[in-house]
Amino acid sequence: MSEPVFVEWAEGGQPQRARWRSEAGVPPPVRLRAVDDTLTADEAVRLASEGTGLVWRSDYHNARQLLQAMARRMERKRKPAKPAGSITERFHQHRQQQGQRARILGRVLVPLDGDWRIPLHRAPDVRLACAEAWGPADGTPSLVALRELLGVIGAHEWRTKGVEIPALGARIHPHYGVFSPVRGEYVDLVAQAPLPHLDLAFDVGTGTGVIAALLAKRGVKRVVATDVDERALACARDNIARLGLAKQVDVVRADLFPEGPAPLIVCNPPWLPGRASAPLERAIYDEDSRMTRAFLAGLRAHLAPGGEGWLVMSDFAEHLGLRAPGELASWIEAAGLRVMARDDTRPRHPKAVDADDPLHDARARETTSLWRLAAQR
């Protein structure tokens with residue numbers, strides 16, 4: 001754990017001090033200024049663009065409205081008449097714009113008391129949500145971006161309500177900082193592929209535990225699910241317990257593979273090569289495709305004789321120009337593996353049919369595949 005960072009500023013001539021909270025490790029603004037309802041959205045965008053953090057001291061719901069108004073103004077300014085450049089250039093431009101937008105909107109700040117209460121009029125009770133995300137309150141006041149706090153609140157709602165997984169016939173409850181299984185097509189692929197064996201399976205990089213639970217529901221007698229992230233491990237254990245599968249599924253901390261061989265090893269790694277700009281993006285971006293390449297490189301040594309490795313992967317990176325066509329197949333061959341079969345499906349998420357999305361050209365051609373791999377003879 002890194003050392004806490006504290007920020008200081010003045011309000012009405014009185015010194016203020018609080019712990020700075022940022023899940024992505026964003027440094028605090030160079031200047032802090034207390035603001036209220038008299039601040040316009042245009043002025044807020046200008047101040048935030050210049051690096052000023054806006055410490056909100058008025059009605060909580062008005063802060064949310066200000067944030068929305070700022071986002072609308074920024075959207076109008078940046079939206080081009082038509083996409084320009086190659087799809088790869090558009091992707092990098094899109095990420096850059098999203099990052100800049102997040103930095104500016106992330107400078108609307110709200111205080112938290114030492115018991116996780118928001119000291120603002122009409123503020124919701126966020127104590128449980130904050131405790132789930134950051135641990136028990138320790139009496140130290142905090143300062144956090146409103147966007148980040150909204151993410152904490154949203155994560156609590158996801159965790160409480162859960163996400164319906166039709167292939168599982170049950171709900172999965174994501175924890176804060178653990179990617180939600182909202183892309184149901186990859187779960188369906190795992191649900192439909194023929195199982196090579198029912199004795200044992202490994203789920204590498206389990207996340208919420210959804211694939212491990214699905215394998216157990218399909219009749220695999222023992223599933224070992226691995227992850228290196230402590231939040232993911234806690235989340236997977238919680239979901240496995242909720243589903244009554246604790247006797248079938250072991251959730252263990254491991255960097256990729258657990259000990260020993262297995263007749264089935266499943267991995268759904270991040271699909272896009274690139275550097276994650278926030279912890280939650282680690283489920284999407286895998287710098288230099290390290291996890292994918294490491295899984296393939298180590299798979300053969302962990303497969304039981306006659307076993308299969310299932311790699312669940314989208315070709316979105318290829319359509320964005322981030323991975324060369326045929327590169328994945330070359331990694332498979334170099335690892336001493338062969339492709340037994342490949343099951344494909346098309347994405348069903350809303351952006352796949354949104355013609356206004358700047359990456360629509362790539363999304364419209366995306367295919368998600370389950371590669372059934374075995375050791376070369």
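Look a little higher up for the structure.
Residues numbered from 1 in each chain as written. Predicted model: local features only at pLDDT ≥ 70, side-chain atom pairs only at ≥ 80, totals over all residues. Heavy atoms only, no water.

Novice: I keep staring at the pattern of salt bridges and nothing clicks. Help me out?
Specialist: Side chains that differ in sign of charge can pair as their charged atoms come close. Under the definition given, this model contains 24 salt bridges. Its salt-bridge partner being Glu 366, residue Arg 183 comes within 3.0 Å of it at the nearest N-O pair. One end of the pair, Arg 183, is in the loop between β8 (170–172) and α6 (184–192); the other, Glu 366, is in the loop between α12 (360–363) and β15 (368–375), and 183 residues separate them in sequence. A salt bridge links Asp 288 to Arg 293, with the nearest nitrogen and oxygen atoms 2.8 Å apart. (Salt bridge = Lys/Arg side-chain N within 4 Å of Asp/Glu carboxyl O. Helix = DSSP H or I, 4+ residues; strand = E, 2+ residues; numbered from the N terminus.)

Novice: In this structure, what is going on with the sheet that holds strand β13 (residues 303–314)? I would like to understand it.
Specialist: The strands that make up a sheet pair up through hydrogen bonds in the backbone, lying either parallel or antiparallel. Spatial ordering of the open sheet is given by β11-β10-β9-β12-β13-β15-β14, a layout of seven strands whose pairing is mixed. Looking at the sheet topology across the chains shown, the edges are occupied by β11 (249–253) and β14 (337–345). Here the strands of the sheet are splayed against their neighbours by 20 degrees on average, with no regard to which way each runs. The pairing of β14 with β15 spans eight bridges and is antiparallel. Of the residues in β15, the one forming a bridge with Arg 342 is Trp 371. The strands touched by helix α7 (residues 210–217) are β9 (200–204), β10 (222–227), β11, β12 (262–267) and β13; relative to β10, the strand with the most contacts, the crossing angle is about 175 degrees. Its contacts with the sheet put helix α8 (residues 230–242) on β10 and β11, and the angle it makes with β11 is roughly 170 degrees. (Pairing = 2+ DSSP bridges. Axes fitted to C-alpha atoms, helices over the stretch in contact; angles between N-to-C directions. Contact = heavy atoms within 4.5 Å.)

Novice: When you look at α7 in this model, what are you seeing that I'm missing?
Specialist: Every α-helix winds through 3.6 residues per turn, so residues three or four apart in the chain are directed the same way. Burial analysis of α7 places seven of its eight residues in the buried class, the great majority of the element. Inspection of α7 places Val 210, Ile 211, Ala 212, Ala 213, Leu 214, Leu 215 and Ala 216 among the buried residues, and these make up the whole buried set. At the C-terminal side of α7, Gly 219 shows a positive phi close to 110 degrees. (Buried < 20%, exposed > 50% of the residue type's maximum accessible area, 1.4 Å probe, protein only.)

Novice: Which parts of the structure should I look at to understand the sheet that holds strand β5 (residues 108–112)?
Specialist: Taken in spatial order, the six strands line up as β1-β2-β6-β5-β4-β3 in an open sheet, and their pairing is mixed. A single partner strand is all that each edge strand has here, and the edge strands are β1 (5–11) and β3 (31–35). Between one strand axis and the next, the sheet turns by 40 degrees as a mean value, whatever way the strands run. In terms of strand pairing, strand β4 (residues 52–56) meets β5 through two bridges, oriented parallel. Among the inter-strand pairings, Val 55 is bridged to a residue of β5, identified as Leu 109. Here helix α5 (residues 146–161) sits on the sheet in contact with β2 (14–21), β5 and β6 (142–145), set at roughly 90 degrees to β6.

Novice: Could you clarify how one ought to interpret the side chain of Asp 286 in this entry?
Specialist: Topologically, Asp 286 is positioned in the loop between β12 and α9 (290–302). Of the side chains with opposite charge, Arg 290 lies nearest to the buried Asp 286, which makes no salt bridge, at 6.2 Å. Side-chain polar atoms of Asp 286 contact the backbone nitrogen of Arg 290, separated by 3.1 Å. With near-sequence residues (within four places) excluded, Asp 286 lies in contact with Pro 270, Leu 272, Pro 273, Gly 274, Met 291 and Thr 292. (Lys, Arg positive; Asp, Glu negative; His and termini not counted. Polar contact = N/O pair within 3.5 Å; in protein donor to acceptor, adjacent residues only side chain to side chain.)

Novice: Quick question: what am I supposed to make of the pairing of β15 here?
Specialist: Each regular strand shows side chains that alternate between the opposite faces of the sheet. Across the eight residues of β15, seven count as buried, placing the element largely inside the fold. Bridging between β13 and β15 involves six bridges; their strand directions are antiparallel. Residue pairing in the sheet places Trp 310 in a bridge with Arg 372 of β15.

Novice: Could you clarify how one ought to interpret α8 in this entry?
Specialist: With 13 residues, α8 should reach 18 Å at 1.5 Å per residue; the first-to-last C-alpha distance of 18 Å fits that figure. Residues of α8 that are buried include every one of Ala 232, Leu 233, Cys 235, Ala 236, Asn 239 and Ile 240, and no others. Projected down its long axis, α8 carries its buried residues within an arc of 165 degrees, all on one side. For α8, the elements touching its buried residues are β8, α7, β10 and β11. Two to three positions downstream of the cap, the backbone nitrogen of Arg 231 sits 3.0 Å from a side-chain oxygen, assigning the N-cap of α8 to Asp 229. Note on α8: the residue one or two positions beyond its end, Gly 244, has a positive phi of about 70 degrees. (Expected span 1.5 Å × (residues − 1). Arc of directions from axis to C-beta.)

Novice: Help me out: how do you make sense of the nonpolar core in this one?
Specialist: A general tendency of soluble globular proteins is for nonpolar side chains to be buried together. Counting residues in each nonpolar core, the largest one holds 56 residues, and the members touching the most others are Leu 215, Val 249, Ile 265, Phe 295 and Leu 296. If we ignore the near neighbours within four places in the chain, the residues touching Leu 296 are Leu 311, Leu 328, Trp 331, Ile 332, Ala 335, Leu 337 and Leu 373. Core analysis: the second largest hydrophobic core is formed by 37 residues, Ala 41, Leu 47, Ala 69 and Tyr 176 among them. (Core = buried A, V, L, I, M, F, W, Y, C linked by side-chain atoms within 4.5 Å.)

Novice: Any chance you could explain the packing of α9 against helix α11 (residues 327–334) here in plain terms?
Specialist: Two quantities define a packed helix pair, namely the angle between the axes and the distance from one axis to the other. Contact geometry of α9 with α11 gives a least axis separation of 8 Å together with a crossing angle of 30 degrees. Classified by the interaxial angle, the pair formed by α9 and α11 is roughly parallel. Across the interface between the two elements, Thr 292, Arg 293 and Leu 296 from α9 touch Leu 328, Trp 331 and Ile 332 from α11. Of the residues that constitute the contact of α9 with α11, the class distribution is four nonpolar, one polar and one charged. (Parallel < 35°, antiparallel > 145°, perpendicular 65-115°, else oblique. Nonpolar A, V, L, I, M, F, W, Y, C, P; charged D, E, K, R; others polar.)

Novice: Can you walk me through the packing of helix α4 (residues 127–134) against α5 in this structure?
Specialist: Taken N-terminus to C-terminus, the directions of α4 and α5 make an angle of 95 degrees; their axes are 9 Å apart at the nearest point. When the interaxial angle is binned, α4 and α5 end up roughly perpendicular. On the side of α4, the interface is formed by Leu 128, Ala 129, Cys 130, Glu 132, Ala 133 and Trp 134, while α5 contributes Glu 148, Leu 149, Val 152, Ile 153, His 156 and Arg 159. Across the contact of α4 with α5, the residue classes tally to eight nonpolar, one polar and three charged.

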